Amino acid sequence: MAKITVSSVIDAPVEKVWARIRDFNGLPSWHPRMVESHIEDGKDAGTIGCVRNFQLASGARIREKLLDFSDDNFRVSYSILETPQPLTNHKATLQLRKVTDGDRTYAEWTASFDAPLEEADKLAEGMGANVFQGGFNALKSHFAGQG
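Residues numbered from 1 in each chain as written. Predicted model: local features only at pLDDT ≥ 70, side-chain atom pairs only at ≥ 80, totals over all residues. Heavy atoms only, no water.

Looking up the protein in an unreviewed UniProt entry gives the name SRPBCC family protein, with the organism given as Mesorhizobium onobrychidis.

As structure tokens, then:
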């Protein structure tokens, strides 16, 4: 099983960062690699078990299922159901925590998945750099200069 963890500190209060990312269907509003998203079967984006179907800037489509969601803990967990990448048994969690020193946010995005041995490191590296760190960089840019 491959595992990846990426963390960052965002110069904004945790409540503001969470407000920006909490919508499970809202990836295109804050992540530069996501261009379109919808929740299947007319379900609410906050309903455990709902499926988001989104398109990447590359044109690829991915389907992900919401596994856990907590406004109290600033946490969302999901699994990939369909992706063009050769991975299975995927589970990811995006967790925000309050940094009291400077009223900032500690963000951590983790994932585990199964993949062919020769592909696993490359997939984890790409997921960490392009999806996780790419998202954190977009959040940092968004909140730069805001109080």
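That shown, we press on.
**Student:** I'd like a description of the packing of aromatic side chains, backed by residues and values.
**Tutor:** With the rule as written, the count across this model stands at six aromatic pairs. Ring geometry for tryptophan 18 and phenylalanine 74: centres 6.1 Å apart, planes at 75°, overall edge-to-face. Of this pair, tryptophan 18 sits in helix H1 (residues 14-21) while phenylalanine 74 is found in the loop between strand S4 (61-70) and strand S5 (75-82), placing the two residues 56 residues apart along the sequence. Residue tryptophan 18 shares its accessibility class with phenylalanine 74, and that shared class is buried. Plain terms: the ring middles of phenylalanine 24 and tyrosine 78 are 6.5 Å apart, the flat faces sit at 50° to each other, and that makes the pair tilted. Of the two residues, phenylalanine 24 is situated in the loop between H1 and helix H2 (27-30) and tyrosine 78 in strand S5; the sequence distance between them amounts to 54 residues. What makes phenylalanine 24 buried here is its relative accessible area of 2%. The exposure class assigned to tyrosine 78 is buried, which follows from its relative accessible area of 5%. Feature note: the residues Trp30, Trp109, Phe132 and Phe136 constitute an aromatic cluster, connected by ring pairs. The ring centre of tyrosine 78 lies 5.0 Å from the NZ or CZ of arginine 52, which sits over that ring. (Phe/Tyr/Trp six-rings, centres within 6.5 Å; stacked < 30°, edge-to-face > 60°. Helix = DSSP H or I, 4+ residues; strand = E, 2+ residues; numbered from the N terminus. Buried < 20%, exposed > 50% of the residue type's maximum accessible area, 1.4 Å probe, protein only. Lys NZ or Arg CZ within 6 Å of the ring centre and 35° of its normal.)

**Student:** Got a sec to walk through the pattern of salt bridges? Specific residues and values, please.
**Tutor:** The full count for this structure, using the stated rule, is nine salt bridges. A salt bridge links arginine 61 to glutamate 36; the shortest N-O distance between them is 2.6 Å. With arginine 61 in strand S4 and glutamate 36 in strand S2 (residues 34-39), the pair connects residues that are 25 residues apart, well separated along the chain. By relative accessible area, glutamate 36 is classed as partly exposed at 29%. A salt bridge links arginine 63 to glutamate 82; the nearest nitrogen and oxygen atoms lie 2.7 Å apart. (Salt bridge = Lys/Arg side-chain N within 4 Å of Asp/Glu carboxyl O.)

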